[in-house]
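What the coordinates show
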Amino acid sequence: PCGARFFLFLAHRADAAKTQRAFASVRAAGWRAEDVVLADTSRGGDLAGVPSLAASGAQHWRAPTTLSYSQVFDVARRRALEADGGTDFFLWMHSDAALHARGGGAAASVMQQLCELQASGRPWSLAGFHPQVDVLCAFSTAAVRAAGDSDVYVPLYMHDYDYYDRMEREGYHLVRLETMGGHRSGP
């Protein structure tokens with residue numbers, strides 16, 4: 001809505017059906033397929049065998065090997081830093097999550113909040129959306145540039161805290177915004 005340059009990064013690891021549901025929830029929430037990066041980090045390239053995702057119009061990226069969480073995050077970070085024309089931020093969503101779209105307006109609501117945050121001039125690092133910050137969040141490209149690459153030796157879940165702390169030390173602050181989302185278990 002505000003001319004923001006962004007992408008939504010959806011990293012797939014193991015369950016193609018969950019990734020398919022996550023992608024469908026993103027589309028139902030109002031994001032365009034071409035704004036989504038489906039990152040296949042599975043051992044066997046699972047997403048290539050899902051016709052609805054292969055022909056979805058989303059951008060596809062295939063990892064050369066299975067990657068850790070911090071390595072996958074660095075792929076998204078580098079993509080944001082190296083994109084033609086640059087990016088203002090990138091959204092990150094778990095592939096085992098689903099957005100609870102209220103009439104398809106979630107994308108517009110999230111983007112409006114991010115546009116307002118960008119326009120405020122406030123140095124922000126991570127915009128986390130309720131109820132769980134890690135289901136759908138946005139990272140400021142300026143903040144990830146300042147914080148640098150992930151420490152790939154920090155274990156899963158601790159990576160988040162380490163990286164948030166590094167962005168904070170660089171003068172970029174966590175912001176909580178509002179939307180709907182949650183991890184899904186089961187079909």
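Scroll up a little and you will see the structure.
Note that this is a predicted model, so its numbers are computed, not measured. (Residues numbered from 1 in each chain as written. Predicted model: local features only at pLDDT ≥ 70, side-chain atom pairs only at ≥ 80, totals over all residues. Heavy atoms only, no water.)

Attention now moves to the packing of helix 3 (residues 69-82) against helix 6 (residues 158-169). Close contact between helix 3 and helix 6 brings their axes to 10 Å; oriented N to C, the two are set at 45°. Overall, the two elements helix 3 and helix 6 adopt an arrangement that is oblique. Judged by the twist between their axes, the crossing of helix 3 over helix 6 is right-handed. Only His-159, Asp-160 and Tyr-163 of helix 6 make contact with helix 3, whose side of the interface consists of Tyr-69, Ser-70, Phe-73 and Arg-77. Across the contact of helix 3 with helix 6, the residue classes break down as three nonpolar, two polar and two charged. (Axes fitted to C-alpha atoms, helices over the stretch in contact; angles between N-to-C directions. Helix = DSSP H or I, 4+ residues; strand = E, 2+ residues; numbered from the N terminus. Parallel < 35°, antiparallel > 145°, perpendicular 65-115°, else oblique. Left-handed = near helix turned anticlockwise from the far one by under 90°. Contact = heavy atoms within 4.5 Å. Nonpolar A, V, L, I, M, F, W, Y, C, P; charged D, E, K, R; others polar.)

A few words on the state of the cysteines. Tallied over the entire structure, the rule returns one disulfide. Linked covalently through their sulfurs, Cys-2 and Cys-115 form a disulfide whose S-S length is 1.9 Å. What sets the handedness of the Cys-2 and Cys-115 disulfide is the S-S torsion sign, and at about -75° it is left-handed. Taken together, the residues Cys-2 in the segment before strand 1 (8-12) and Cys-115 in helix 4 (residues 106-120) connect sequence positions 113 residues apart. (Disulfide = S-S within 2.5 Å.)

In this section: the packing of aromatic side chains. For any pair of aromatic rings, the description rests on two quantities: the centre-to-centre distance and the angle between the ring planes. A complete count under the given rule lists twelve aromatic pairs for this structure. For the pair Phe-73 and Tyr-163, a centre-to-centre distance of 4.9 Å together with 65° between the ring planes defines the contact as edge-to-face. Here the residue Phe-73 occupies a position in helix 3, and Tyr-163 occupies one in helix 6, the gap between them amounting to 90 residues. Between Phe-90 and Phe-139, the ring centres sit 5.4 Å apart and the planes meet at 25°, which makes this aromatic pair stacked. With a gap of 49 residues between them, Phe-90 in strand 4 (residues 89-94) and Phe-139 in strand 7 (residues 136-140) connect regions that are remote in the sequence. (Phe/Tyr/Trp six-rings, centres within 6.5 Å; stacked < 30°, edge-to-face > 60°.)

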